Amino acid sequence: SQTIHQWPATLVQPVGSPLSLECTVEGTSNPNLYWYRQAAGRGLQLLFYSVGIGQISSEVPQNLSASRPQDRQFILSSKKLLLSDSGFYLCAWSHSSQGQRFPGFGPGTRLLVL
Amino acid sequence: EDKVVQSPLSLVVHEGDTVTLNCSYEVTNFRSLLWYKQEKKAPTFLFMLTSSGIEKKSGRLSSILDKKELSSILNITATQTGDSAIYLCAPGSGTYKYIFGTGTRLKVLA
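Definitions and cut-offs
- Residues numbered from 1 in each chain as written.
- Chains lettered and ligands numbered in written order.
- Predicted model: local features only at pLDDT ≥ 70, side-chain atom pairs only at ≥ 80, totals over all residues.
- Heavy atoms only, no water.
- Patch = residues over 30% accessible without salt bridge, like charges linked within 9 Å, V, L, I, M, F, W, Y side chains within 5 Å.
- Areas by Shrake-Rupley, 256 points an atom, 1.4 Å probe, with all protein chains shown as cover.
- Salt bridge = Lys/Arg side-chain N within 4 Å of Asp/Glu carboxyl O.
- Lys, Arg positive; Asp, Glu negative; His and termini not counted.
- Charge placed at Lys NZ, Arg CZ, Asp CG, Glu CD.
- Helix = DSSP H or I, 4+ residues; strand = E, 2+ residues; numbered from the N terminus.
- Buried < 20%, exposed > 50% of the residue type's maximum accessible area, 1.4 Å probe, protein only.
- Contact = heavy atoms within 4.5 Å.
- Buried area = accessible area lost by both parts, 1.4 Å probe.
- Polar contact = N/O pair within 3.5 Å; in protein donor to acceptor, adjacent residues only side chain to side chain.
- Nonpolar A, V, L, I, M, F, W, Y, C, P; charged D, E, K, R; others polar.

**Brief notes about a positive patch on the surface**
Then step 1. On the surface, a cluster of positive charge is contributed by A:R110, B:K40, B:R105 and B:K107.
Then step 2. Within the secondary structure, B:R105 is located in strand β11 (residues 104-109).

**Here we look at a nonpolar patch on the surface**
All names here are of chain A.
Then step 1. Together, V12, L112 and L114 line one region of the surface with nonpolar side chains, adding up to about 290 Å² of accessible area.
Then step 2. For L114, the position within the fold is in the segment after β11 (109-113).
Then step 3. Residue L114 is classed as exposed on the basis of its relative accessible area of 58%.

**Considerations on the interface of chain A and chain B**
Then step 1. Contacts between chain A and chain B engage 19 residues on the former and 17 residues on the latter.
Then step 2. Contact between chain A and chain B buries roughly 1500 Å² in total, counting both sides, with carbon and sulfur atoms accounting for 65%.
Then step 3. The three residues of chain A that bury the most area against chain B are A:L44, A:R101 and A:F102, which together make up 31% of that side's buried surface.
Then step 4. Taken together, chain A and chain B are joined by one salt bridge.
Then step 5. Note that B:K97 and A:E59 form a salt bridge whose closest N and O atoms lie 2.9 Å from each other.
Then step 6. For the pair chain A and chain B, the interface holds five residue pairs in polar contact (both at pLDDT 80 or more).
Then step 7. Taken together, the residues of the side of chain A that touches chain B sort by class into 12 nonpolar, four polar and three charged.

Bear in mind that shape data such as this cannot, by itself, settle questions of function.
Here you go:
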């Protein structure tokens, strides 16, 4: 079966510091990968999605970036965090040909920027 | 611009009540609509709807899609305190892009 891992679970960072969040998927190959963010009291906002290694689509212009260096690894980064980057960051995966046609979410990372 | 509106924003009911949650959408290249339940953690999948008028059912939960009205409803019968959560609707634009609503916050009182 497939599992998705995210770390860290929680993170407190000062404004202006860099960020790196990592997500890996096990038990599948060539998944579609997603980064979502949920700000306090708001819905999930799609940040990036990737259909293959090195292929990243950005949905919202901001100071975040994403990379997919390996098939089952998705990384969310920032060079300088803003207060508005605080939120709940969720990685998700799907795979239309393996029966997971909808995004299945990882446990998430709660980020607080101070 | 793609848009999703869920109503009501919040709802408080007593155990045993039946609730109906609504989702209206406007998305380009619509393919399917998802429902998720979110407690104090990551959302968990409930339903995927692709065809209009066909009810999907899981225990006390059911959902149906109306492509003509660009809407979907999620019904929960005989509610329990464990149903307390935020329910998220997400219509899909194309194959990969799902647009999430802000959700309906349901609280079920014992």
